[in-house]
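Summary of structural features
Chain by chain, the residues run as shown.
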Amino acid sequence: MKKLSILGSTGSIGTNTLDVVERFPDKFKITALAAGRKIELLAEQAKRHKVPLVSVAEEEDARKLSDILGPTVEVYYGMEGLKTVAAASGADMLVSALVGAVGLVPTLEALKKGMDVAVANKETLVVAGALVRKMADDNGCNLLPIDSEHSAIFQVLEGRDPGSVKRLILTASGGPFRGRSAAEVAEVTPAQALAHPNWSMGPKISIDSATMMNKGLEVIEAYWLFDLGPDKIDVAIHPQSIVHSMVEFVDGSMIAQLGVPDMRGPISYALAYPERLPMEALSLDIWSLGGLTFEKPDMETFPCLGLAYQALGSGGTAPAILSAANEIAVEKFLTSLITFADIPRLVDDALNKIETTPLTDLSTALEADTAARGFARDWPVTARNR
Ligand SMILES: NC(=O)c1ccc[n+]([C@@H]2O[C@H](COP(=O)([O-])OP(=O)(O)OC[C@H]3O[C@@H](n4cnc5c(N)ncnc54)[C@H](OP(=O)(O)O)[C@@H]3O)[C@@H](O)[C@H]2O)c1
């Protein structure tokens, strides 16, 4: 029986994780859950799984939740709550499924305790990949990718000689604006940008998919998970989202992983690793596929992908600045404070104007994050920026 703590249980990845867990009650047990503001859903999850430890974002919500769940359930809040849930005593694995850099500190907490981490929260690796990787290696912990692309590469690389790998090719659906020009996407609305053609996901990653920042963050995530330079990580647009990623080997062979676009596939693989769970609903009907196509990404219409490669090349705190500036830019776009085209402008400005320093420890990463958030919040939409 594997005991799991889940950060972000009320989100898209969190609810899919619980769906997988419920299909295999003899294999998994939930030890602790953390969420943000959806306390009714969290209460229902905690009752259903008889979870003794939960956490929410705000103190007031923690009080309400405590009233609902009664004295047998410990209820925490804020960052201390996230850390307590992440490293809950008795848990074997953390499912890291918060959105944004808020997941970094609690994820490190679980690794410090020697727990394996199933990583959905890619921003954690983008902001401080060097620290997360080192903490995992020093404590003998597995980092098991949940992102479908990284799960695909992880599955393809299993048992292979790392020296035989020529390059990784991350696939991307291209999002809702694939094939449009920069002028056409400049003024799209949040509702249009949220409408992903293939995947049902939380709002932040949906916007990141529309700008292609998601693929940029995934390039950085792949760098830390698979230890290959940026020149060995390519991106291909694959609108059908069936090939989840590919690896090219030195002999010219290319091995891909295919599956339906359903996050329960990579989640089940990470949770049960190295076992494979029977997931009948995820069988791929190859006869109905039609064609599988691949295109080069349009870096002009979607400059965020290039900005992510640039930040990875600069190293140090540059990816933390990129990620934090982007988080705020997405929030501002969703509340109509800036346009879609402003997102890469703001991130570019943050990368150019905030000094990049070496990433020596956690406080350097958090300082860069804070500086970039402040910069992005104050970022003026002026004629100069446009
Ligand atoms: N969704 C996908 O298909 C997918 C695929 C690959 C990778 N990912 C990655 O997985 C991560 C999660 O994505 P998602 O789509 O599941 O996001 P989501 O649906 O927005 O869920 C985010 C979760 O984090 C919680 N949360 C947010 N801020 C919090 C805070 N300050 N304190 C405590 N809890 C907080 C939310 O709680 P409340 O909702 O209760 O407020 C929710 O449970 C992201 O890093 C994303 O890039 C997602």
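Residues numbered from 1 in each chain as written. Predicted model: local features only at pLDDT ≥ 70, side-chain atom pairs only at ≥ 80, totals over all residues. Heavy atoms only, no water.

Here we look at the side chain of histidine 49
Within the element layout of this structure, histidine 49 appears in the loop between helix 2 (39-48) and strand 3 (53-56). The contacts of histidine 49, once residues within four sequence positions are left out, are Leu18, Val21, Glu22, Lys29 and Ile30. (Helix = DSSP H or I, 4+ residues; strand = E, 2+ residues; numbered from the N terminus. Contact = heavy atoms within 4.5 Å.)

Considerations on helix 1 (residues 12-23)
Owing to its 3.6 residues per turn, the α-helix brings residues three or four apart onto one side. Taking 1.5 Å per residue, 12 residues should reach 16 Å; helix 1 reaches 17 Å between its end C-alpha atoms and fits that length. Residues of helix 1 that are buried include every one of Ile13, Gly14, Thr17, Leu18, Val20 and Val21, and no others. Relative to the axis of helix 1, the buried residues are bounded by an arc of 160° and lie together on one face. (Expected span 1.5 Å × (residues − 1). Buried < 20%, exposed > 50% of the residue type's maximum accessible area, 1.4 Å probe, protein only. Arc of directions from axis to C-beta.)

A look at a nonpolar patch on the surface
Among the surface-exposed residues, Leu258, Leu292 and Phe294 lie close enough to one another that they form a single nonpolar patch of about 240 Å² accessible area. Mapped onto the elements of the fold, phenylalanine 294 is located in the loop between helix 12 (264-272) and helix 13 (304-314). (Patch = residues over 30% accessible without salt bridge, like charges linked within 9 Å, V, L, I, M, F, W, Y side chains within 5 Å. Areas by Shrake-Rupley, 256 points an atom, 1.4 Å probe, with all protein chains shown as cover. Salt bridge = Lys/Arg side-chain N within 4 Å of Asp/Glu carboxyl O.)

Notes on the domain arrangement of the chain
In terms of domains, the chain is made up of domain 1 (2-145), domain 2 (150-264 + 286-303) and domain 3 (315-386). Distance between the C-alpha centres of domain 1 and domain 2: 26 Å. The interface of domain 1 with domain 2 comprises 18 residues on the first partner and 17 residues on the second. Taken together, both faces of the contact between domain 1 and domain 2 bury some 1500 Å²; the carbon and sulfur share is 69%. (Domains from an automatic or database assignment. Buried area = accessible area lost by both parts, 1.4 Å probe.)

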